[in-house]
Amino acid sequence: MQGVKSIQIPGIIYCKNSSGRCCTYMKRHTEGIRKRIGKIIPKREEGQSKEEYRNLLLVKGAGAVVFVLAALAIIKGAAAVLPGSVTVSSSVNGKLLPISSVETDKKEVALSFEATYGNGDISSILKILKKHNIQATFFLTGEWVENYPEDVKAILGAGHDLGSVGESHKHMPQLTAEECLEEIKQAHTKVQELTGYEMFLFRPPYGDYDNRVISSAAKCGYYSICWDVDSLDWKDYGVDAILANVLKNGNLRNGSIIRCHNGAKYTAQALEKLIAGLEEQGYGIVPVSELIYKEKYHLNGEGRQMKD
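Residues numbered from 1 in each chain as written. Predicted model: local features only at pLDDT ≥ 70, side-chain atom pairs only at ≥ 80, totals over all residues. Heavy atoms only, no water.

Peer 1: Run through the overall build of the protein chain, naming residues and quoting values.
Peer 2: The number of helices and strands found in the protein chain is 10 helices and 17 strands. Here the protein chain holds 308 residues, and 46% of them are scored as buried. Roughly 15100 Å² of accessible area belongs to the protein chain as shown, and the carbon and sulfur atoms make up 51% of that amount. (Helix = DSSP H or I, 4+ residues; strand = E, 2+ residues; numbered from the N terminus. Buried < 20%, exposed > 50% of the residue type's maximum accessible area, 1.4 Å probe, protein only. Areas by Shrake-Rupley, 256 points an atom, 1.4 Å probe, with all protein chains shown as cover.)

Peer 1: Describe the pattern of salt bridges, listing the residues and the values that go with them.
Peer 2: Within this structure, the stated rule accounts for 11 salt bridges. Between Glu150 and Lys153 there is a salt bridge, with the nearest N and O atoms lying 3.5 Å from each other. On the criterion of helical spacing, the pair formed by Glu150 and Lys153 is a turn pair, its members being 3 residues apart in helix H5 (residues 149–157). Note on Lys153: relative accessible area 37%, which makes it partly exposed. A salt bridge links Arg253 to Glu302; the shortest N-O distance between them is 3.5 Å. (Salt bridge = Lys/Arg side-chain N within 4 Å of Asp/Glu carboxyl O.)

Peer 1: Before we move on, can you summarise H5 with the specific residues and values?
Peer 2: When H5 is considered as a whole, its buried residues turn out to be Asp151, Val152 and Ile155. With its buried residues spanning 105° around the axis, H5 presents them on a single face. Across H5 from its buried face, at more than 90 degrees, point the exposed residues Glu150 and Gly157. The elements touched by buried residues of H5 are helix H3 (122–131), strand E9 (137–140), helix H4 (142–147), strand E10 (161–164) and helix H6 (177–195). Of the residues trailing H5, Gly159 is marked for its positive phi of about 90°. (Arc of directions from axis to C-beta. Contact = heavy atoms within 4.5 Å.)

Peer 1: Can you lay out the environment of Leu201 for me, pointing to particular residues and giving the numbers?
Peer 2: By secondary structure assignment, the location of Leu201 is in strand E11 (residues 201–202). By relative accessible area, Leu201 is classed as buried at 1%. With 21 residues separating them in the primary sequence, Leu201 and Tyr222 have C-alpha atoms 5.2 Å apart. Those residues in contact with Leu201 that lie beyond four places of it in its chain are Thr137, Phe139, Asp161, Gly163, Ser164, Tyr222, Tyr223, Ile225, Val288, Ser289 and Ile292.

Peer 1: Give a detailed account of the nonpolar core, specifying residues and quantitative values.
Peer 2: Generally speaking, a soluble globular protein has its nonpolar side chains buried in company with each other. Within the largest apolar cluster, 46 residues are counted, with the highest numbers of intra-cluster contacts made by Leu111, Leu129 and Phe138. No other element matches helix H9 (residues 267–280), which puts 6 residues into this core. With residues near it in sequence (within four places) discarded, Leu111 still touches Leu129, Ala136, Thr137, Ile258, Cys260, Leu271, Leu274, Ile285 and Val286. In terms of nonpolar packing, the next biggest core, distinct from the first, is built from 20 residues, Val165, Cys226, Val288 and Tyr297 among them. (Core = buried A, V, L, I, M, F, W, Y, C linked by side-chain atoms within 4.5 Å.)

Peer 1: Explain the pairing of strand E17 (residues 304–307) residue by residue, including any values.
Peer 2: In the sheet, strand E7 (residues 101–102) pairs with E17 via 2 bridges, with the strands oriented parallel. Pairing of Val102 across the sheet is with Gln305, part of E17. Relative to E17, strand E16 (residues 297–299) runs antiparallel, the two sharing 3 bridges. Residue pairing in the sheet places His298 in a bridge with Met306 of E17. The hairpin formed by E16 and E17 contains 4 residues between the paired strands, and Gly303 there has a positive phi angle of roughly 80°. (Pairing = 2+ DSSP bridges.)

Peer 1: Tell me what's going on with the confidence of the model for the protein chain, and back it up with residues and numbers.
Peer 2: Considering every residue of the protein chain, the mean pLDDT works out to 82; 72% of them sit at 70 or more. Counting contacts from residues 1–6, a segment whose pLDDT is below 50, to residues more than four positions away or on other chains yields 21 contacts. (pLDDT = per-residue confidence, 0-100.)

Peer 1: How would you sum up the packing of H6 against helix H7 (residues 211–219)? Please name residues and give values.
Peer 2: Taken N-terminus to C-terminus, the directions of H6 and H7 make an angle of 50°; their axes are 9 Å apart at the nearest point. Put simply, H6 runs oblique to H7. In the packing of H6 onto H7, the handedness of the crossing is right-handed. On the side of H6, the interface is formed by Ala177, Cys180, Leu181 and Ile184, while H7 contributes Arg212, Val213, Ser216, Ala217 and Lys219. Looking at the contact of H6 with H7, its residues break down into 6 nonpolar, 1 polar and 2 charged. (Axes fitted to C-alpha atoms, helices over the stretch in contact; angles between N-to-C directions. Parallel < 35°, antiparallel > 145°, perpendicular 65-115°, else oblique. Left-handed = near helix turned anticlockwise from the far one by under 90°. Nonpolar A, V, L, I, M, F, W, Y, C, P; charged D, E, K, R; others polar.)

This is how it looks when you write it as structure tokens:
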């Protein structure tokens, strides 16, 4: 089962195998159990007395019970140990939410960048992160991957997370379920074919989502990730504005996820001071993949991830 990722969105464990095709793990295995039981329980043969058939059923039925119990134990165990398997509830009052921050005792935050247009500052951003020995998370569109393949390789080669914001950065609640899946799959395939890396972090473009968007991402093996601290660097208000929006943000706390962009006018210029400011406040900076819980968690109404 190596290479399988699964995310449970209330009641269903969705798996993604190494070919990238989506499937429902639990449905497939319970169907196998049903068929196997059908083979264990024999049909009454012609000329066989009722007593003989009843005795046969008692023997075979005992075997069926043992088989079912063993099969259920295997499924339960698989849900606990499969690589990437998750037992979660992302639903709050019927609404599916992305992870916006993490409840943790560790004084850590995650730094994320959205790469959707241009690559003029990527080299500078990577150099600054390397200088401070920091790994971050880069959420890429499929179009950006296609336009700047060497930068994608450089980001991954430097040890940073690769995440997805879909193929073309669309407002996904406006799409059908099939179109949502296609947006995610196209970007995933481009990164996988280019680097061999299997992305599992998805950021809804513009932070715009609904139940269909979150469940579509889960079906493709992705954790949906938003943020609770926005640098607003895309507004191009200047270095000081970026620093204030992050370092003086009332939401900044253990487990915060900070949103930045490449291609914004002042982000690279502000990054050195931003890192220093976070470190002065005592925060360590980690990629999103290290910050979030992968299993046995739930979300509160703000999208803050809580350990069960």
